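Chain residues, written in single-letter form:
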Amino acid sequence: MAPHNKYFGTGGVDGSLQFELNNGENTGPGHRTTLQFYANYLTSRSPMADLIATGVYASVRSCGGPVVPLRLGRKDATSAGSAGVPQPQNSIVSFRQQFDRMGFTATEMIQLVACGHTLGSVHSTEFPQIVPESVGQAPFDTTNAQFDNKVATEYVAGTTKNALVVGASIAVGRNSDFKVYSSDGNATISTFTDAAVFRNTCQAMLQRMIEVVPEGVTLTEPIAPYAVKPVDMQLTLNTGGTSFRLTGFIRVRTTEVPASSIENVVLTWKDRSGGNSCGSSATCSTTATLQGVSTGFDDTFGFFPIDATIPTAAGISSFTIVVNYEDGSSEEYDNNGNSYPMSDAVVLQKPQSCLLQGPGDLTVSALVRNDHKDLPVNLGVSYLTPRNTADGNPVPALNEATVEMVEGDCVGQYTFFSASFNIPGGLSFNSRISVTAGSGATAYTDDFNKASDLGGTCGTFTGGATCAVVTTPPTPSSTSVPVSSSTSVPATTTSSSSSTAEPTPAIKPTVGGYVFANCWTEGTGTRALSGAAFAYDEMTLESCMTNCTGFDYWATEYGRECYCGNNLHSSSTEAPVEECNMACGGDPTEFCGAGNRLELYSTTATRTTSATPTPTGSLAVKPTVGDYTFVGCQTEATGSRALSGKDVYADDAMTLELCATYCAGYTYFGTEYGRECYCGNSLNTGSVSAPVTECNMVCGGDPYEYCGAGNRLELYRLSSVSTTGSPSSEAATTTTSSTPTATLSRTPTVSPYTHVGCWTEGTGARALGAKTYASGDDMTLENCAAFCVGYRYFGTEYAAECYCGNVLHASSANASLADCAMPCSGNPAQYCGGPDRLELYENDAASTTTTSTTNPDPPAPTPTQPATVSATTQGGSQWEFHGCVTEATGVRALGAATLASDELTLEACAEFCAAHQFFGAEYGRECYCGDELAEGAVEVSAAECSMACAGDGGVLCGSGNRLSVYEKVVV
Ligand code: HEM
């Protein structure tokens, strides 16, 4: 404050002290060590000047003094101010002039000096003429660590030992406190012999002192602790990418109400469109109980830890807090009617970010919601660097850096962005980081995060949900819960469901400008409508229509899914309208399709096209690309790329044709992630066939072609290549054509089997469930027949899969031969079924049981699901059957590790998953591990896990989309 000049509006509490430590007016180590301490708290939001003012509050209060009201918003000076700190040898005339310059009267000067000199001492090192070296330091009063009025009472009583009043200072004219206090005949200092007058006056005067600021600085209202304050609230995308974890604390001021009287704190959030849609979560709220209490000078605070899961499909925009008390009463806090903002638009991903504190190497990963990902995305780093000045200024400089972030993988409705930055100066742990999409008032940001929270190594994100457009949950209906300021708000939001009579759904002939266009099947191997997709529990026809604004068609499916498109895929067929029989999740009076059935609406009311949708060619799997034929959807290899013959070629305008040209001469080409192209003559170990539906990313350069997905290759194989050898062997370099592609025809017999027809897969179970294998490049009818020797049936599917069984599941049905149209991966002249379609062969002589295909006797032994599994190695861990569980939505139910083996047993899977809490066996030959079941994985009847393990026919290993899940009970 000292150099303030009220006439010029310069100086004051502006942090310039750091530049004035060697100017002769501020001697002693006190200022320097104090500034050094405050420097740890210097940030873009807490300038040194505010920290100095806060220091006055803290020191006075911690010595028992009054609460000095604290207003903030000071600005730091960048250089020294003018001189003018009062020195003990100055005359009373000078003192009065100096205090007048700072805005204080002669009386206020006396008050202020006495208020200051109730604490501390005069030191001989700095003032040897005042305090002899032998004394060291001389306290201003007998209680120099107490903020009390002894400084005045002892002075008035004549017992003071104040070195600026008595002793050596008198002879050298440095008895400044005497000069000040006696300047009005001791009138003012005498008033301070009243403790209350001293305390109250000092409270006001010290506040005025720290509010001496340069012109142009506007201070806030005095700050006070909130009754309820969210602290460190952070979203983090969970493994798999379908949900966020919301963490942090709700701090509740417990000064007046003891923490023990609070039963719990309930946080209720709004989805990203301000509604109450929580995706698959039952409620949009989470309950927290007290974790601990912290105590300040005047307040205590209870901390309630928040840990909630928020589906990415619904997102979050804000939340409110209800504090529930033990006596049954509650209070709601809604940030003064504004709700506490919490945006899912930009999210710092701490697990994938890291800081090496020594060298200051910072890597930041963040997610930007796909509807904002085209905005410029920047990393902001606010960091400190030592000044290294000749005068040893202890306060570091505050720097701001902005680094453009680079777009990375798309995971569900979000896209990763990352950037690296080297924080110079060795103080990297004090940095703050922010991630911002866009700029100015409309920017989206996750800001002011502590770099010190980051670990030393960056984790990798595992399990990426399929890239998707951002879903907009329906806008809140009239049943949304009103925000009330009453003190008896219910702890949880009331559900809008009630016990009124069940409404019955009915077909709506028109919705907005669209007319009902019947019930249609999904496409084969592709979505019937592939323009955009949405899924949420509160689906209504109206919200789907809004989601699909601009499209010619939209349709609801499964009660909660919505698809849009400008044409209907040619493989979608009209179905009886009774089959679209599921009520909409968000409106029980409307129909929203059913499983594999679309409730279709079209724009014919407003456009001139015909009332019945005309199926047209659109996005679909391409059976051939030049000389290459489609093999299937293939995973990457273990620890390496599935195809590693040539450097990856990545292009935003990727098409299958471009990749085929790039890979000319190679046996295989595969596209991935919509924009990457890989070539090779063989598939590396660990690459296994995946459902073709998992290759669902559109090629960047052709909206009608698929180019794989994350970790999924859209795999093509040269048609004119020898069909011998397995995919993992380097067999396919010859270009001699052993099997011309032109003669594709149905094969009536594959001895001893005869062709039965084209059959559908079972519902919830494989049609042939005894044994299976898949081969990306050598599936032939003969190979499958040999594999299934001894079984009554074999069937080939999807060009590359082979199934065996003695019974055909009762839910499998005869289908049109046209559905079984895929050439075998190992013999393009033979048919090997199609998506969800088996090319079925039967050997009548193989079984003595009835030849009826409906509910024939099961072969012996019937596989069973054991209640427990013991791993023989790994210390013999014990596992208990958890249930038969579906895969999760858009992500594996257990996604931590995967194994596929034709020798799979439950024990082998248990051992493979030894480091995890759960294992699950699926499709007879696949094994998955995880520590929790991902969202959307639901338990179904144990009977649905009906496939025998490939390596042990006596026990069950799940089935298609069904996991036999076991949980570890003894490690
Ligand atoms: C005429 C005006 C003033 C003069 C001449 C003066 C002079 C001094 C001197 C010589 C010291 C000893 C420093 C040392 O040995 O380290 C001192 C210490 C101190 N002064 Fe003042 N002062 C004045 C006004 C104030 C005011 C207005 C305040 C605050 C409201 C204040 C607060 C303090 C405190 C807290 C100390 C103790 C520092 C320690 O223990 O390290 N002074 N003052």
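Visitor: Give me the nonpolar core: which residues, what numbers.
Guide: The nonpolar side chains of a soluble globular protein tend to be buried with one another. Membership of the largest hydrophobic core comes to 34 residues, with the highest contact counts inside it found for Leu 246, Ile 250, Leu 267, Phe 319, Ile 321 and Val 323. Every element with two or more residues in this core is listed here: β3 (228–237), β4 (243–253), β5 (262–270), β8 (300–311), β9 (318–325) and β18 (414–422). Sequence-distant contacts of Ile 321, defined by excluding residues within four places in its chain, comprise Val 228, Ile 250, Val 265, Val 266, Leu 267, Glu 331, Glu 332, Tyr 333 and Tyr 340. Counting 33 residues, the second-largest nonpolar core is a separate cluster that includes Cys 63, Ala 114, Val 165 and Phe 192.

Visitor: Break down the coordination of the iron atom of the ligand for me, with residues and values.
Guide: You will see that the iron atom of the ligand has only one donor from the protein, His 117 (NE2), lying 2.1 Å away. With respect to the helices and strands, the residue His 117 is situated in the loop between α4 (106–116) and β1 (121–123).

Visitor: Go over the sheet that holds strand β19 (residues 432–437), please, and point to the residues and values.
Guide: Strand order across the open sheet formed by 4 strands is β16-β15-β19-β20, with antiparallel pairing between neighbours. Looking at strand neighbours, the two that pair on one side only are β16 (397–404) and β20 (444–450), the edges of this open sheet. When strand polarity is set aside, the average angle formed by the axes of neighbouring strands in this sheet is 15 degrees. Of the strand pairs in this sheet, β19 and β20 are connected by 5 bridges, and their pairing is antiparallel. Across the sheet, Arg 432 pairs through a bridge with Lys 450, a residue of β20.

Visitor: Explain the sheet that holds β3 to me, using residue names and the numbers behind them.
Guide: The strand order across the open sheet built from 4 strands is β3-β4-β8-β7, with neighbouring strands paired in antiparallel fashion. Of all strands in the sheet, those with a lone pairing partner are β3 and β7 (292–295), marking the two edges. The average undirected angle you get between the axes of adjacent strands in this sheet is 25 degrees.

Visitor: Before we move on, can you summarise the state of the cysteines with the specific residues and values?
Guide: Applying the stated criterion across every chain yields a total of 18 disulfides. Between the sulfur of Cys 663 and that of Cys 679 lies a disulfide, 2.0 Å long from S to S. On the S-S bond that ties Cys 663 to Cys 679, the torsion sits near -70 degrees, and the link is left-handed. Of this pair, Cys 663 sits in the loop between α10 (656–662) and β35 (668–672) while Cys 679 sits in strand β36 (residues 676–680), placing them 16 residues apart in sequence. Across the pair, Cys 679 and Cys 663 agree in class, each one buried. Here Cys 913 pairs with Cys 929 through a disulfide, and the sulfurs are 2.0 Å apart. Sign of the S-S torsion, about -70 degrees for the bond between Cys 913 and Cys 929, identifies this disulfide as left-handed. Here the residue Cys 913 occupies a position in the loop between α12 (906–912) and β53 (918–922), and Cys 929 occupies one in strand β54 (residues 926–930), the gap between them amounting to 16 residues.

Visitor: Describe the site of the ligand, listing the residues and the values that go with them.
Guide: The immediate surroundings of the ligand are formed by 20 residues, with Leu 112, His 117, Gly 120, Ser 121 and His 123 found nearest. The backbone of Ser 121 places a nitrogen or oxygen atom 3.0 Å from an oxygen atom of the ligand. One nitrogen or oxygen atom from the main chain of His 123 is found 2.6 Å from an oxygen atom belonging to the ligand. Mapped by element, the contributors of at least two residues to the shell around the ligand are α3 (92–101), α4, β1 and α8 (195–210). Its residues placed into classes, the shell around the ligand shows 13 nonpolar, 7 polar and no charged.

Visitor: So what's going on with α4? Residues and values would help.
Guide: In an α-helix, one turn spans 3.6 residues; hence positions three or four apart end up facing the same way. Most of α4 sits out of view: 8 of its 11 residues are buried. Buried residues of α4: Glu 108, Met 109, Ile 110, Gln 111, Leu 112, Val 113, Ala 114 and Cys 115, and no others.

About the criteria used
- Residues numbered from 1 in each chain as written.
- Predicted model: local features only at pLDDT ≥ 70, side-chain atom pairs only at ≥ 80, totals over all residues.
- Heavy atoms only, no water.
- Core = buried A, V, L, I, M, F, W, Y, C linked by side-chain atoms within 4.5 Å.
- Buried < 20%, exposed > 50% of the residue type's maximum accessible area, 1.4 Å probe, protein only.
- Helix = DSSP H or I, 4+ residues; strand = E, 2+ residues; numbered from the N terminus.
- Contact = heavy atoms within 4.5 Å.
- Donors = N, O, S within 2.8 Å, 3.2 Å for Na, K, Ca; no water.
- Pairing = 2+ DSSP bridges.
- Axes fitted to C-alpha atoms, helices over the stretch in contact; angles between N-to-C directions.
- Disulfide = S-S within 2.5 Å.
- Near = heavy atom within 4 Å.
- Polar contact = N/O pair within 3.5 Å; in protein donor to acceptor, adjacent residues only side chain to side chain.
- Nonpolar A, V, L, I, M, F, W, Y, C, P; charged D, E, K, R; others polar.

Treat this as a map of the structure, not an account of what it does.
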